[in-house]
Amino acid sequence: MATRHLLPLPLLPIPLVYKTLLRFPSKPLAPHPRTLCSSAASSSSYSSMASIPKKVLVPIANGTEPMEAVITIDVLRRAGADVTVASAEKDLRVDACWGVKLVADALVADVATASFDLISLPGGIPGSDTLRDCGVLESIVKKQAEKGGLYAAICAAPAVALGSWGLLKGLKATCYPSFMDKLPSDATAVESRVQVEGQVVTSRGPGTAMEYSLALVEKLYGKDKADEVAGPMVMRPHHGVDFAMTEINSTSWKFDSTPQILVPIANGSEEMEAVMIIDTLRRAKANVVVASVEDKLEIVASRKVKLIADMLLDEAIKLQYDLIVLPGGLPGAQAFSNSEKLVNLLRKQAESSKLYGAICASPAIVLETHGLLKGKKATAYPAMCDKLSDQSYCENRVVVDGNLITSRGPGTSLEFALAIVEKLLGRQKSLDLAKSMVFV
Ligand SMILES: *[C@@H]1O[C@H](CO)[C@@H](O)[C@H](O)[C@H]1NC(C)=O
Ligand SMILES: *[C@@H]1O[C@H](CO)[C@@H](O)[C@H](O)[C@H]1NC(C)=O
Ligand SMILES: *[C@@H]1O[C@H](CO)[C@@H](O)[C@H](O)[C@H]1NC(C)=O
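Remember, it's a predicted structure, so these values are computed and weren't measured experimentally. (Residues numbered from 1 in each chain as written. Chains lettered and ligands numbered in written order. Predicted model: local features only at pLDDT ≥ 70, side-chain atom pairs only at ≥ 80, totals over all residues. Heavy atoms only, no water.)

A. Broad picture of the state of the cysteines. Evaluated as defined, the whole model comprises 1 disulfide. Residue Cys385 pairs covalently with Cys394 via a disulfide, S to S 1.9 Å. Looking along the S-S bond of the Cys385-Cys394 disulfide, the torsion reads about -85 degrees, which is the left-handed sense. Lacking any disulfide linkage, Cys97 is separated from the closest cysteine sulfur, that of Cys155, by 8.5 Å. When its relative accessible area of 17% is taken as the criterion, Cys97 is described as buried. With no disulfide of its own, Cys155 has Cys175 as its nearest cysteine by sulfur position, at a separation of 8.2 Å. (Disulfide = S-S within 2.5 Å. Buried < 20%, exposed > 50% of the residue type's maximum accessible area, 1.4 Å probe, protein only.)

Below you can see the structure in the form of structure tokens.
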């Protein structure tokens, strides 16, 4: 069948080992009592022996754009930063946009006197308004600016928060396209995807969050570190509208009704991947059920972001799904593979020619292990390709074979989610969505 392959195969560095995922725990200032004796707490003393990690504050609120928050937290923790996720609400529990539920490490009030190497504000409405109106946060960021410290914002937040606080004065800044005219008149509005101006970094939207986060890593640690972090994420080679999907055996995925989609999550799931998939599919108006494979709704993802599922898998398996999508991450993928209920559900899905998909570690650890890639072409995380019995398509970023879709890693997650949207709802819908997220 025709292969739509619009990009040359990217020659990306392939790491020798799948990076151990628990290396860079955050050290929350006000930990939940139950995390005090966890491995996260004990291994953080290990990292502090090596060097004092850079301290980063990422405030969040109800209506924060979850991709922008979670990608920044995840990427900075990959670089070794000690990131505190602080809620500007009354509780640690925050309802981000698109029904994504996050649990912060601390309240903003708890970090009022702490000092940071970087403060990064995610966008989203009304999240950005809440951040702007949070007096404690305003004074923390103003203090940061006065001491010449690094501060940054993405999407609506440069205009809504930094601009309102007078912290973009005389600088070039960018923000979400529809907020450009809300940038203050004392700043110069520019349309760059990421604008670095001395100690101030601004960016445009969910689709620029990875580049933005890598720019922050570069400001904190230098270019070599940014390259080291970027390599294993399988970043996009460029930003055109020609994002890639390789189709073998093209079948129709079209639905007349709202597609019902299951996204399982477990401790050690890759949070960036989970959130990019959930967020994008909900933007496309699919009905997405996020189900915890653990015995609690709250899971701790691979870079210690705490996510709350909509229901437990036991409940979720009572429903019917047009598509089941597995995010990657370790040990999350292993938890999927060990879940008899999830594996049975996937098996039934495959046997009845219904849709299923996986990204990163999950194609190899879950699907291959249980014979669910038999006779299919698939891709996976670069360092896991040797676990696939058929590796002929493993260099491709997104592969569709009949009712199966697979992809490679954090840097291909949006292409993966947009390919799903394209298959379900058409190319125009996926392009419109890509534009609205400032992905293209
Ligand atoms: C923010 O979301 C939390 C969690 O759902 C909720 O308890 C709280 O009331 C919300 N806060 C506001 C100001 O709406
Ligand atoms: C998953 O993480 C939560 C929170 O740390 C913990 O309470 C739970 O025991 C973990 N589950 C497993 C199976 O390790
Ligand atoms: C194409 O995929 C469909 C759905 O998975 C499957 O039923 C069919 O057998 C496949 N055809 C070929 C030629 O592999």
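B. How the structure looks around the site of ligand 2. Near ligand 2 you find Asn267, Glu294, Lys296 and Val300, and these make up its full shell. Between a nitrogen atom of ligand 2 and a side-chain N or O atom of Glu294, the distance comes to 3.4 Å. Bound to the protein, ligand 2 loses 50% of the 360 Å² it would expose on its own. The residue makeup of the shell around ligand 2, split by class, is 1 nonpolar, 1 polar and 2 charged. (Near = heavy atom within 4 Å. Polar contact = N/O pair within 3.5 Å; in protein donor to acceptor, adjacent residues only side chain to side chain. Areas by Shrake-Rupley, 256 points an atom, 1.4 Å probe, with all protein chains shown as cover. Nonpolar A, V, L, I, M, F, W, Y, C, P; charged D, E, K, R; others polar.)

C. Region of interest: the packing of aromatic side chains. On inspection of all chains with the given rule, the structure shows 1 aromatic pair. When the ring of Phe243 is compared with that of Phe439, the centres are 5.8 Å apart and the planes differ by 65 degrees; the resulting orientation is edge-to-face. With Phe243 in the loop between α7 (223–230) and β12 (246–248) and Phe439 in the segment after α14 (427–436), the pair connects residues that are 196 residues apart, well separated along the chain. Across the pair, exposure class does not vary: Phe243 and Phe439 are buried alike. In this structure, Arg236 packs its charged tip against the face of Phe439, placed 3.5 Å from the ring centre. For Arg427, the ring lying beneath its charged end belongs to Phe243, and the centroid distance is 4.7 Å. (Phe/Tyr/Trp six-rings, centres within 6.5 Å; stacked < 30°, edge-to-face > 60°. Helix = DSSP H or I, 4+ residues; strand = E, 2+ residues; numbered from the N terminus. Lys NZ or Arg CZ within 6 Å of the ring centre and 35° of its normal.)

Taken by themselves, the reported measurements are silent on function.
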